[in-house]
Amino acid sequence: MMNTTENHEAGSSADHVETGHTEQTPPQASSPENADSTDQVMGAASVRIRELETQLNEEHDKWVRSEAEMQNLRTRTKRELEDARQYAVQKFARDVVEAAENLRRGLASLPKPAENEDSIITKMREGIEGTERSFLSILERHGVVSHDPSGQTFDANHHQAMAEQPSEEHPNGTVMQAWTPTWTLHGRLLKPAMVVVAKNGNGEAQ
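About the criteria used
Residues numbered from 1 in each chain as written. Predicted model: local features only at pLDDT ≥ 70, side-chain atom pairs only at ≥ 80, totals over all residues. Heavy atoms only, no water. Axes fitted to C-alpha atoms, helices over the stretch in contact; angles between N-to-C directions. Helix = DSSP H or I, 4+ residues; strand = E, 2+ residues; numbered from the N terminus. Parallel < 35°, antiparallel > 145°, perpendicular 65-115°, else oblique. Left-handed = near helix turned anticlockwise from the far one by under 90°. Contact = heavy atoms within 4.5 Å. Pairing = 2+ DSSP bridges. Buried < 20%, exposed > 50% of the residue type's maximum accessible area, 1.4 Å probe, protein only. 1 Å grid on protein atoms, 1.4 Å probe; cavity = no way out; pocket = protein on both sides within 12 Å on 5 of 7 lines; lining within 4 Å. Points joined across faces, edges and corners; volume = space filled by probe spheres on them. Nonpolar A, V, L, I, M, F, W, Y, C, P; charged D, E, K, R; others polar. Expected span 1.5 Å × (residues − 1). Arc of directions from axis to C-beta.

Engineer: Tell me about the packing of helix α3 (residues 90–109) against helix α4 (residues 119–141), residues and numbers included.
Structural biologist: Closest axis-to-axis distance for the α3/α4 pair is 10 Å, and the angle between their directions is 155°. For the element pair α3 / α4, the angle class is roughly antiparallel. Crossing geometry of α3 relative to α4 is assigned as left-handed. The segment α3 lies against α4, with Val-96, Ala-99, Ala-100, Leu-103, Arg-104 and Leu-107 engaging Arg-125, Ile-128, Glu-129, Thr-131, Glu-132, Phe-135, Leu-136 and Leu-139.

Structural data, given as structure tokens:
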């Protein structure tokens, strides 16, 4: 009786162990078709990424060039506006310097100062000189400046030769006398000086 019970219990335990055992199914190997499909997807993705990178670089280059062109345009426009503002009065300034030259001619027409000269002439000279100084100061504040070319080498860009005169005291091509000064507006030639140029040696001014 005892052996039968023990055999039954042992059999039950063995059945319990066998029933609780779970067999694991080995993973299936990927088929060649699945591997080829994955490679195609990755290859297509790589090609698309390169296309997008190329397009991005092209758009960036276009943007850089556009910005450079816009900056050049802004700089050029600003310079043109400044030039227009500074030189818009060029014709008016050229007429104004005529008045300054007339003042100088008026002074030159007066007799040279003398000890016993008439007081009227003295006051006239002083009045014209004061007016000239004030006038030139106003012109300078607005960028109109006069330059005396006397003693300088003749420069056709800034001087207009009205006559040539033999001279042994001045180097050939030197401005001996300036009838009028050189006038500039903000550094740009406004009116050339009318000058007398020295010639010597071979008799030709440089």
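Still to come is the rest of the account.
Engineer: Pulling in residues and values, what's your account of the sheet that holds strand β4 (residues 182–185)?
Structural biologist: Taken in spatial order, the three strands of this open sheet run β1-β4-β5, and their pairing is antiparallel. Two strands lie at the open edges of the sheet, namely β1 (144–147) and β5 (188–191), each paired on one side alone. Neighbouring strand axes in the sheet, compared pairwise and without regard to direction, differ in orientation by 40° on average. Strands in contact with α3 are β1, β4 and β5; relative to β5, the strand with the most contacts, it is inclined by about 55°.

Engineer: For the environment of Thr-182, give the residues involved together with the corresponding values.
Structural biologist: Tracing the backbone through its elements, the reader meets Thr-182 in strand β4. Residue classification places Thr-182 among the buried positions, given a relative accessible area of 5%. Taking the C-alpha atoms as reference points, Thr-182 and Gln-160, separated by 22 residues in sequence, lie 9.4 Å from one another. With residues up to four places along the chain from it excluded, the contact list for Thr-182 reads Val-145, Ser-146, His-147, Pro-149, His-158, His-159, Leu-189, Lys-191, Pro-192 and Ala-193.

Engineer: Explain the layout of surface pockets to me, and be specific about the residues and the numbers.
Structural biologist: One number sums up the size of the largest pocket: a volume of about 330 Å³. Lining of the largest pocket is provided by 17 residues; of these, Arg-104, Ala-178, Trp-179, Thr-180 and Pro-181 occupy positions nearest its centre. Residue contributions to the lining of the largest pocket peak at four residues, all from α3. When the residues that make up the lining of the largest pocket are grouped by side-chain class, the tally is seven nonpolar, five polar and five charged. Within this model, the second largest pocket holds a volume of roughly 210 Å³. Lining the second largest pocket we find Arg-85, Gln-86, Val-89, Phe-92, Ala-93, Val-96, Ile-138, Leu-139, His-142, Val-144, Leu-185 and His-186. At the level of elements, α2 (32–87), α3 and α4 are the ones that each hand at least two residues to the lining of the second largest pocket. Each residue belonging to the lining of the second largest pocket can be placed in one class, and the counts come to eight nonpolar, three polar and one charged.

Engineer: I'd like a rundown of α4, residues and numbers included.
Structural biologist: If you check α4, its first and last C-alpha atoms are 33 Å apart, about what 23 residues at 1.5 Å a residue would give, namely 33 Å. Among the residues of α4, those classed as buried are Arg-125, Glu-132, Phe-135 and Leu-139. Where α4 is buried, its residues touch α3, β1 and β4. Two residues or fewer after α4 comes Gly-143, characterised by a positive phi angle close to 85°.

Engineer: Give me α3: which residues, what numbers.
Structural biologist: Its 20 residues place the ends of α3 29 Å apart at the C-alpha level, agreeing with the 28 Å of an ideal helix rising 1.5 Å per residue. The complete set of buried residues in α3 reads Gln-90, Ala-93, Val-96, Val-97, Ala-100, Glu-101 and Leu-107. Summarising the axial view, the buried residues of α3 lie within an arc of 150°, below the 170-degree limit, and thus occupy one face. For α3, the exposed residues set more than 90 degrees away from the buried face come down to Lys-91, Phe-92 and Ser-109.

Engineer: Lay out the side chain of His-159 with the relevant residues and their values.
Structural biologist: Checked against the element boundaries, His-159 lands in strand β2 (residues 159–166). Setting aside chain neighbours within four positions, we find His-159 in contact with Pro-149, Gln-152, Thr-153, Phe-154, Val-175, Thr-182, Pro-192, Ala-193 and Val-195.

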